[in-house]
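Given next are the chains, with one letter for each unit.
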Amino acid sequence: MPTITTIQDLKERHERRVPRMFYDYAESGSWTEQTFRENITDFEQIRLRQRVAVDMSGRSTASQMIHEDVSMPVALAPVGITGMQHADGEIKSARAAEAFGVPFTLSTMSINSIEDVAEATTKPFWFQLYMMKDTDYISRLIQRAKDAKCSALVITLDLQILGQRHKDIKNGLSTPPKLTLKTMANLATKWAWGIEMLGAKRREFGNIVGHVQGISDPSSLSTWAAESFDPTLDWDKIAQLKQQWGGKVILKGILDAEDAKMALKVGADAIIVSNHGGRQLDGAISSIRALPAILDVVGDKIEVHMDGGIRSGQDVLKAVAMGAKGTYIGRAFIHGLGAMGQQGVTRALEVIHKELDTTMALCGETQVNDLGRHNLLIPKGFEGDWQD
């Protein structure tokens, strides 16, 4: 077992172990990657207030997200093609999350299917939905998530049109990989990954293949995926999806206060302040900068979560102290998965938990729910002094 003390340690092992196209898929943003970078660097501008002579015994990071008990206010974010980072990646990530006591969110664009994950776990997980043009397929997908006893539907709102990610285009990203000379040369150096993938349950999109008419090979799948996102998604359709689901709904991709008001109006149970990890609108502000303005307009009328840039337990603490009820990690757990499979996801969660617990204590707090702005030093103008 290697000595892993940070998410960066896992990231370095991930890069060495996984084919370039899949590592780059996880560790990249759209266009210039400005938003991707600022999601991380904006956290660094927030300082912590050290407090001393406080009884630090009896600490707890336990909390709730959408009224579900969590061991810390962290969920695993939906990440596409997780099963190409490591064989049966979604199953292994879901098992690690369940054992640790945090929610796992399965992506529509997963390799392992809804049914695969349900069969491999014992507790309900969350399912993330992309709105597609094929409404019959969407209805059947929602029913499959209901049948699998998923406890929340996470509807992603910021991918009606796909943002361009230069690395994915240059790498010829596909599932399974396109066998160009460059790809084969890279794959030849990733033999451990390749051996494990030979035994994987699936190597194509499990929620799509076999469930959409006319998809029989990787080429037809790629064409369908590129053309299927619904550009006409609006608040009326979101309300219809909520009604069709009939359970808890989380809206992901809120970055503007006006959209937060609309999410409140349609009756969502929670919103995720998110810019899709900097993979959609490059030049948008970071999630942590957007968070305060959204909290100002919705208050405690709706549960507010945050996604984007979290690489440590200190980042989790800062987001929660700013007012987020929960946070999501995507790349952080993917680095663990790519590096060491299920054990790596567990290690990523352990790293973040230890950092959160220790930092909380050194800030003079023993309960994660007691964190607040009094624990932070926030720069003047942190939200930005923008001209209307």
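Going by the structure above, here's the rest.
Residues numbered from 1 in each chain as written. Predicted model: local features only at pLDDT ≥ 70, side-chain atom pairs only at ≥ 80, totals over all residues. Heavy atoms only, no water.

Engineer: Could you clarify how one ought to interpret the overall build of the chain in this entry?
Structural biologist: Looking only at helices and strands, one finds 15 helices and 12 strands in the chain. Its C-alpha radius of gyration of 20 Å places the chain within 12% of the 21 Å reference for a compact globule of 388 residues. Overall, the C-alpha framework of the chain stretches about 65 × 50 × 45 Å when taken along its three principal axes. Taking the intrachain contacts of the chain between residues at least 6 apart in sequence as the baseline, contacts between residues at least 24 apart amount to 75%. Looking at the chain as shown, the accessible area adds up to about 16,600 Å², and 51% of this sits on carbon and sulfur atoms. (Helix = DSSP H or I, 4+ residues; strand = E, 2+ residues; numbered from the N terminus. Rg over C-alpha atoms; globule rule 2.2 N^0.38 Å. Contact = heavy atoms within 4.5 Å. Areas by Shrake-Rupley, 256 points an atom, 1.4 Å probe, with all protein chains shown as cover.)

Engineer: I keep staring at unusual backbone geometry and nothing clicks. Help me out?
Structural biologist: Trans peptide bonds make up the majority, and among non-glycine residues the majority have a negative phi. Its identity as a non-glycine residue notwithstanding, Ala53 has a phi of 55°, on the positive side. With respect to the element layout, Ala53 can be found in the loop between strand 1 (47-48) and strand 2 (63-65). Despite not being glycine, Ile81 has its phi angle at roughly 45°, a positive value.

Engineer: Help me understand the sheet that holds strand 8 (residues 249-254), please; the structure alone is not making it clear to me.
Structural biologist: Adjacent strands of a sheet form backbone hydrogen bonds with each other and so pair up, either parallel or antiparallel. Spatially, the eight strands line up as an open sheet ordered 4-11-10-9-8-7-6-5, and their pairing is parallel. Two strands in the sheet have a free side with no partner beyond their single neighbour: strand 4 (74-76) and strand 5 (105-106). With four bridges connecting them, strand 6 (residues 126-129) and strand 7 (residues 152-156) associate as parallel partners. Its bridge partner lying in strand 7, Leu129 is registered against Ile155. Across the sheet, helix 15 (residues 331-362) is in contact with strand 4 and strand 11 (326-329); its angle to strand 11 comes to roughly 155°. (Pairing = 2+ DSSP bridges. Axes fitted to C-alpha atoms, helices over the stretch in contact; angles between N-to-C directions.)

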